[in-house]
There are 2 protein chains.
Amino acid sequence: MTLIVALDKPQSLGLVDTLCGVASGFKIGVPLLLDVGLEGLRRARSRCSDALWVADMKLADIGHVMALTARRLAGLVDAVIAHGFVGLESALDILAEECRRMGMKLVVIASMSHPGSRIYDKVLEDVLEVIEAVKPWGVVAPATRPNIIRRVRRRLGCSVAILSPGIGAQGASPGDAICAGADYEIVGRAITSSENPLQTARNILEQQRRCRRACREPQQT
Amino acid sequence: MTLIVALDKPQSLGLVDTLCGVASGFKIGVPLLLDVGLEGLRRARSRCSDALWVADMKLADIGHVMALTARRLAGLVDAVIAHGFVGLESALDILAEECRRMGMKLVVIASMSHPGSRIYDKVLEDVLEVIEAVKPWGVVAPATRPNIIRRVRRRLGCSVAILSPGIGAQGASPGDAICAGADYEIVGRAITSSENPLQTARNILEQQRRCRRACREPQQT
């Protein structure tokens, strides 16, 4: 399975039951966490505990503070997302160690999906170096720029999972990121604001499958 | 007044009464916010409502999501901290507009205090350009590197407030950042872990005053 659903509003937590077993996982971010608190997250998770739960904290602080945040999420999520641009020393090194200790997957952002991310792009090489040193479970690279996904895959090999946001509201189509080498596509509003979220999720999975076949063919010739 | 106290643990919220009227303001970060929730923040604030309350969210997301987070904090804090690194377009432009609409002060990070921030430093010029365009109320620059504080002040003039973390546990002394041009020094563990937090806060203020006199003298000759 290749679909992570980004839940963004308290109402969208109702979709956990509907999408459990269809989506690979669920991503929840800071706004929703402020709305429902750690207890709300615990309840949501308990309704689909085998899914991959990702806390999209966009951690970008000194290591000590990022580790404190990650510790609050222990047992509530399987993975936490942090920014690569904060660097290694006294930052991601401390967070990675804390994640290992807790058995939590660390996911590091290599690049973002919005137009303003040109600063990020400028230092992509440095960020990839940091990621190589951190050896996280996963990397975030934007579906809106498949070239970056390809570059991450070439550079970091197949031992890392690539998670791609930017599908739907931000412009990429389901399957684009998979085709470029991503493992999971993260889809939010396209599903959560849909009239029939279950059918939309299934359509996205079907589109991903079709796209994967199509993008594999030229590589096999 | 020139001292903002960084509260980091639920117990440290007890210091709000003690330090009210001595510190200019209080900064609370993500770990503590996860511990006490928005309701805990509301209660803490009500005990010293004239202070400057800063939510150190280290926002680093697309504009839409950062604005959602800021909206959750409306009425609870006076200011919110975001990263300059995420850039202007579809990021800080949207957040700045939302902050203006809500009457919330926006504080943008120009540089960080830890050793791993060399990636940030590499693009300092780009980040300062973004900050110039955003015109935030305040900028964060590290007390551990006073040269960066001086550079921010020269570049952005006196219409912007400079907030400096890194005093105490991270190595800078009280007054160092003020002397380099900062308006507020942010002090956490040196006060919150002190046996007598009120006395420590007063000592820091005294040290800042002495330092300000000392650093002004050569400029007057």
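In this text the structure is predicted, and so the values were computed from the model without any measurement.

A. Quick peek at the state of the cysteines. All names here are of chain A. This model, assessed by the stated rule, comprises two disulfides over all chains. Between the sulfur of Cys 20 and that of Cys 48 lies a disulfide, 2.0 Å long from S to S. Across the S-S bond linking Cys 20 and Cys 48, the dihedral sits near 85°, which makes this disulfide right-handed. With a gap of 28 residues between them, Cys 20 in the loop between helix H1 (15-19) and strand E2 (25-29) and Cys 48 in the loop between helix H2 (30-46) and strand E3 (52-59) connect regions that are remote in the sequence.

B. How the structure looks around the packing of H2 of chain A against helix H3 (residues 63-72) of chain B. Where H2 of chain A contacts H3 of chain B, the two axes come as close as 8 Å, and the packing angle between them is 25°. The angle between H2 of chain A and H3 of chain B falls in the class roughly parallel. Where H2 of chain A approaches H3 of chain B, its residues Val 30, Pro 31, Leu 34 and Asp 35 of chain A are matched on the opposing element by Val 65, Leu 68, Thr 69 and Arg 72 of chain B. When grouped by side-chain class, the residues that make up the contact of H2 of chain A with H3 of chain B number five nonpolar, one polar and two charged.

C. Fine view of the packing of aromatic side chains. This model, assessed by the stated rule, comprises nine aromatic pairs over all chains. Ring geometry for Phe 26 of chain B against Trp 53 of chain B: centres 5.0 Å apart, planes inclined by 40°, an arrangement best described as tilted. Linking Phe 26 of chain B in strand E2 (residues 25-29) with Trp 53 of chain B in strand E3 (residues 52-59), this pair joins segments that are 27 residues apart in sequence. You can call Phe 26 of chain B buried: its relative accessible area is 0%. Judged by relative accessible area, which is 0%, Trp 53 of chain B ranks as buried. A network of ring pairs unites the aromatic residues Phe 85 and Tyr 120 of chain A together with Phe 85 and Tyr 120 of chain B as a single cluster. Over the ring of Trp 137 of chain A we find Lys 105 of chain A, and its NZ or CZ is 5.4 Å from the ring centre.

D. Empty space enclosed by the protein, seen in detail. Across all of its chains, the model carries two cavities of 30 Å³ or more by this definition. The computed volume of the largest cavity comes to approximately 740 Å³. For the largest cavity, the lining is made up of 46 residues, of which Lys 27, Asp 56 and Lys 58 of chain A together with Asp 61 and Val 65 of chain B are closest to its centre. Residue contributions to the lining of the largest cavity peak at five residues, all from H3 of chain B. Classifying every residue of the lining of the largest cavity by side-chain character gives 29 nonpolar, nine polar and eight charged. By volume, the second largest cavity amounts to about 550 Å³. Forming the boundary of the second largest cavity are 32 residues, of which Ile 62 and Val 65 of chain A together with Ala 6, Lys 27 and Gln 170 of chain B lie nearest the centre. Of all elements in the fold, only helix H3 (63-72) of chain A together with strand E1 (3-7), E2, helix H2 (30-46), E3, strand E7 (161-167), strand E8 (184-187) and helix H9 (189-192) of chain B reach the threshold of two or more residues within the lining of the second largest cavity.

E. Layout of the sheet that holds E3 of chain A. Here eight strands make up a closed barrel; going around it, the order is E1-E2-E3-E4-E5-E6-E7-E8 (chain A) and the pairing parallel. Shown here is a sheet whose adjacent strand axes are inclined to one another by a mean of 25°, direction ignored.

F. Layout of the environment of His 114 of chain A. Mapped onto the secondary structure, His 114 of chain A falls in the loop between strand E5 (105-109) and helix H5 (118-122). For His 114 of chain A, the residues in contact, after removing those within four places along its chain, are Gln 170 of chain A together with Ile 62, Val 86, Glu 89, Ser 90 and Ala 91 of chain B. At a separation of 2.7 Å, a polar atom in the side chain of His 114 of chain A contacts the main-chain carbonyl oxygen of Val 86 of chain B.

G. How the structure looks around the relation of the copies chain B and chain A. Relative to chain A, chain B is turned by 180° and slid 0.0 Å along the rotation axis, the superposed coordinates differing by an RMSD of 0.0 Å. Those values place the two copies in the arrangement expected of a two-fold rotation axis. The residues that chain B uses at the interface reappear at the interface of chain A in 100% of cases, marking a shared surface.

H. Structural detail: the pattern of salt bridges. Applying the stated criterion across every chain yields a total of 40 salt bridges over all chains. The salt bridge involving Arg 100 of chain A is made with Glu 97 of chain A; its shortest N-O contact spans 3.8 Å. Of the two residues, Arg 100 of chain A and Glu 97 of chain A both sit in helix H4 (residues 88-102), three residues apart, roughly one turn of that helix. The salt bridge involving Arg 45 of chain B is made with Asp 78 of chain B; its shortest N-O contact spans 3.2 Å. Pair noted here: Arg 45 of chain B is in helix H2 and Asp 78 of chain B is in the loop between H3 and strand E4 (79-83), with a separation of 33 residues, a long-range link. What makes Arg 45 of chain B buried here is its relative accessible area of 13%. A cluster of three or more residues bridged by salt bridges with shared partners is formed by Lys 27, Asp 56 and Lys 58 of chain A together with Asp 61 of chain B.

I. View of the packing of helix H6 (residues 124-134) of chain B against helix H7 (residues 146-156) of chain B. Residue and element names in this part refer to chain B. Two elements in contact, H6 and H7, have axes separated by 11 Å at closest approach and are oriented at 40°. One way to sum up the angle between H6 and H7 is to call them oblique. Considering the relative orientation of H6 and H7, their crossing is right-handed. Contacts from Leu 124, Glu 125, Leu 128, Glu 129, Ile 131 and Glu 132 in H6 reach Ile 148, Arg 151, Val 152, Arg 155 and Leu 156 in H7. Tallied by class, the residues present in the contact of H6 with H7 amount to six nonpolar, no polar and five charged.

Thresholds, definitions, all that
- Residues numbered from 1 in each chain as written.
- Chains lettered and ligands numbered in written order.
- Predicted model: local features only at pLDDT ≥ 70, side-chain atom pairs only at ≥ 80, totals over all residues.
- Heavy atoms only, no water.
- Disulfide = S-S within 2.5 Å.
- Helix = DSSP H or I, 4+ residues; strand = E, 2+ residues; numbered from the N terminus.
- Axes fitted to C-alpha atoms, helices over the stretch in contact; angles between N-to-C directions.
- Parallel < 35°, antiparallel > 145°, perpendicular 65-115°, else oblique.
- Contact = heavy atoms within 4.5 Å.
- Nonpolar A, V, L, I, M, F, W, Y, C, P; charged D, E, K, R; others polar.
- Phe/Tyr/Trp six-rings, centres within 6.5 Å; stacked < 30°, edge-to-face > 60°.
- Buried < 20%, exposed > 50% of the residue type's maximum accessible area, 1.4 Å probe, protein only.
- Lys NZ or Arg CZ within 6 Å of the ring centre and 35° of its normal.
- 1 Å grid on protein atoms, 1.4 Å probe; cavity = no way out; pocket = protein on both sides within 12 Å on 5 of 7 lines; lining within 4 Å.
- Points joined across faces, edges and corners; volume = space filled by probe spheres on them.
- Pairing = 2+ DSSP bridges.
- Polar contact = N/O pair within 3.5 Å; in protein donor to acceptor, adjacent residues only side chain to side chain.
- Least-squares fit on C-alpha atoms with pLDDT ≥ 70 in both.
- Salt bridge = Lys/Arg side-chain N within 4 Å of Asp/Glu carboxyl O.
- Left-handed = near helix turned anticlockwise from the far one by under 90°.

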